[in-house]
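Spelled out, the chains give:
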Amino acid sequence: MPKKNSRNSKMRFEVQENETIDDCLDRMKKQGYMPVRRMEEPIFREEIRNGEKVMEPVGKMIVFQAVKH
């Protein structure tokens, strides 16, 4: 789900599990936005090993920042 920044016309678009990067870019274009930055954010899972909490990376999420054009 896109998140809108109230100060200007920037939005964040996350590539969903059921779509490709091209699908996400097409979705942005249909809403009148143009990508200006691509970020990859890690996804972690918390596990307990030997009584200690360990954060283990399990994937990544691709997020685009976009501006209204």
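Residues numbered from 1 in each chain as written. Predicted model: local features only at pLDDT ≥ 70, side-chain atom pairs only at ≥ 80, totals over all residues. Heavy atoms only, no water.

(A) Quick peek at the overall build of the protein chain. Looking only at helices and strands, one finds one helix and four strands in the protein chain. Listed by position from the N terminus, the elements making up the protein chain come as β-β-α-β-β. A buried classification covers 23% of the 69 residues belonging to the protein chain. When contacts within the protein chain are restricted to residue pairs at least 6 apart in sequence, long-range pairs at least 24 apart make up 50% of them. (Helix = DSSP H or I, 4+ residues; strand = E, 2+ residues; numbered from the N terminus. Buried < 20%, exposed > 50% of the residue type's maximum accessible area, 1.4 Å probe, protein only. Contact = heavy atoms within 4.5 Å.)

(B) Structural context of the pattern of salt bridges. Applying the stated criterion across every chain yields a total of nine salt bridges. Measuring nitrogen to oxygen at the nearest pair gives 2.8 Å for the salt bridge that ties Glu-40 to Arg-38. Using a relative accessible area of 43% as the deciding quantity, one classes Arg-38 as partly exposed. Here Glu-46 and Lys-53 are joined by a salt bridge, their closest N and O atoms 4.0 Å apart. (Salt bridge = Lys/Arg side-chain N within 4 Å of Asp/Glu carboxyl O.)

(C) Highlighting the nonpolar core. Core analysis: the largest hydrophobic core is formed by nine residues, namely Met-11, Phe-13, Val-15, Cys-24, Met-28, Tyr-33, Ile-62, Phe-64 and Ala-66. Those elements giving two or more residues to this core turn out to be β2 (10-14), α1 (21-30) and β4 (52-68). Top contributing element to this core by residue count: β4, with three residues. (Core = buried A, V, L, I, M, F, W, Y, C linked by side-chain atoms within 4.5 Å.)

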